[in-house]
Amino acid sequence: MKLKINAGSVFSDIKILWHQGKQYIPDVTTVEVPGIFRGRPVIHAAGATDDSMQFAAICPTGAISGNPVRIDLGKCTFCGECQRAFPERITFSKDYKISAASRDSLIIQQGQDKPMEIHAHEVRKEIRRYLGNSLKLRQVSAAGDNSCEWELNAAGNVNFDMGRFGIEFVASPRHANGMVITGPISKNMAEPLQICYDAIPHPKIIILAGTDAISGGIYSGSQALDRSFLDKYKVDLYVPGNPVHPLTFINGVLSLLNRK
Ligand code: SF4
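**Q** What's the story with the overall build of the chain in this structure? I'm lost.
**A** In terms of regular secondary structure, the chain is built from nine helices and 10 strands. Principal axes of the C-alpha set define a box for the chain whose edges measure 80 × 45 × 35 Å. By the burial criterion, 45% of the 260 residues in the chain qualify as buried. A separation threshold of at least 6 residues defines the contact pool for the chain, and within that pool the share at least 24 residues apart is 79%. With an accessible surface of roughly 13,800 Å², the chain has 54% of that area assigned to carbon and sulfur atoms. In the chain, which carries 29 positive and 25 negative side-chain charges, the distance between the mean positions of the two groups comes to 7 Å.

**Q** Help me out: how do you make sense of the site of the ligand in this one?
**A** Taken together, 13 residues lie around the ligand, and Cys59, Cys76, Cys79, Gly80 and Cys82 are the ones closest in. Its residues placed into classes, the shell around the ligand shows nine nonpolar, three polar and one charged.

**Q** Would you mind going over the packing of helix H5 (residues 147-155) against helix H9 (residues 246-256) with me for this structure?
**A** Geometrically, a packed helix pair is captured by the angle between its two axes and the distance between the axes. Relative orientation of the contacting elements H5 and H9 amounts to 65°, with a least axis distance of 8 Å. Considering the relative orientation of H5 and H9, their crossing is right-handed. Residues Glu151, Leu152, Ala154 and Ala155 of H5 form the contact with H9, whose participating residues are Pro246, Phe249 and Ile250. Among the residues making up the contact of H5 with H9, the classes are represented as six nonpolar, no polar and one charged.

**Q** Would you take a moment to explain the nonpolar core for this structure?
**A** Generally speaking, nonpolar side chains in soluble globular proteins are found buried as a group. If you look at the biggest cluster of nonpolar residues, it comprises 36 residues, and the most contacted ones within it are Leu73, Met179, Ile181, Ile206, Leu208 and Phe229. Every element with two or more residues in this core is listed here: strand E4 (90-92), strand E8 (178-182), helix H6 (187-199), strand E9 (205-209), helix H7 (211-215) and helix H8 (229-232). It is H6 that contributes the most residues to this core, three residues altogether. Those residues within four positions of Ile181 in sequence are excluded, and the remaining contacts are Gln139, Val140, Ala142, Leu193, Ile206, Ile207, Leu208, Ala209, Ala213 and Phe229. Ile25, Val180, Leu254 and Leu256 belong to the second-largest nonpolar core, a separate cluster that totals 33 residues.

**Q** What's the story with the sheet that holds strand E10 (residues 237-239) in this structure? I'm lost.
**A** In a beta sheet, neighbouring strands are held together by backbone hydrogen bonds and run either parallel or antiparallel to one another. Across the sheet, five strands lie side by side as E7-E6-E8-E9-E10; this open sheet has parallel pairing. Lying at the two open borders of the sheet, with one neighbouring strand each, are strand E7 (167-169) and E10. Averaged over neighbouring strand pairs, the angle between their axes works out to 25° when direction is ignored. Bridging between E8 and E9 involves four bridges; their strand directions are parallel. By the bridge assignment, Ile181 is partnered in E9 with Leu208. Across the sheet, H5 touches strand E6 (135-141), E7, E8 and E9, and the angle it forms with E8 is around 135°. Contacting E6, E8 and E9, H6 runs over the sheet at an angle of about 165° to E6.

Parameters at a glance
Residues numbered from 1 in each chain as written. Predicted model: local features only at pLDDT ≥ 70, side-chain atom pairs only at ≥ 80, totals over all residues. Heavy atoms only, no water. Helix = DSSP H or I, 4+ residues; strand = E, 2+ residues; numbered from the N terminus. Buried < 20%, exposed > 50% of the residue type's maximum accessible area, 1.4 Å probe, protein only. Contact = heavy atoms within 4.5 Å. Areas by Shrake-Rupley, 256 points an atom, 1.4 Å probe, with all protein chains shown as cover. Lys, Arg positive; Asp, Glu negative; His and termini not counted. Charge placed at Lys NZ, Arg CZ, Asp CG, Glu CD. Near = heavy atom within 4 Å. Nonpolar A, V, L, I, M, F, W, Y, C, P; charged D, E, K, R; others polar. Axes fitted to C-alpha atoms, helices over the stretch in contact; angles between N-to-C directions. Left-handed = near helix turned anticlockwise from the far one by under 90°. Core = buried A, V, L, I, M, F, W, Y, C linked by side-chain atoms within 4.5 Å. Pairing = 2+ DSSP bridges.

Structural data, given as structure tokens:
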């Protein structure tokens, strides 16, 4: 059989590729986020007075507490209200590597200004041993508002290209190694969440993506929620953000898998 090549069409395709250039981000671990982005906050001690009450009062989700002041990234919606009110005391860096393997590690202390890390002792051994080179995830939106879901979807697009690391979302929990939960977990979603978890083969991991999933966010304390699922199992990765940034998610998972 003779293969016919349409030279005009090939030339046109090459022209498009040349015009578009490289679309993927060559290094997702060091790239800078353009424009306005609120990442890891820094609470400055200089000029600090007994202002913790004022801080706490301004935060809509109760993320700020204590004296010295601290911020819980699991509750923070990154609204920037505290920075606008106290610009000399709090600033948000562009550091998007803010995922953690333990809930306590999400608390930023006054004066703390160093990159957040996931330490080997915080990670279950089987995760790195069996899932280090290939991780398939099932995403469950448990009453999410579609913002985190969109960003997780973007993690697999041509820019962020999470698939290059062997990390992908799959359609069935039967094919997954773990689940990524978004949303504050409503009563209606409590049972589907459990069914999905039970369908995933061992060893399986749980990732909470976004403020709503980690703490309930602005819905925390609502009678419409049932978060008892989280009392039963160990959460392996917390990915803060409102919504999460694809770079935060990808770097968090890479760090969990020790894929630096
Ligand atoms: S940015 Fe976070 S800590 Fe600051 S006021 Fe908003 S929710 Fe609270």
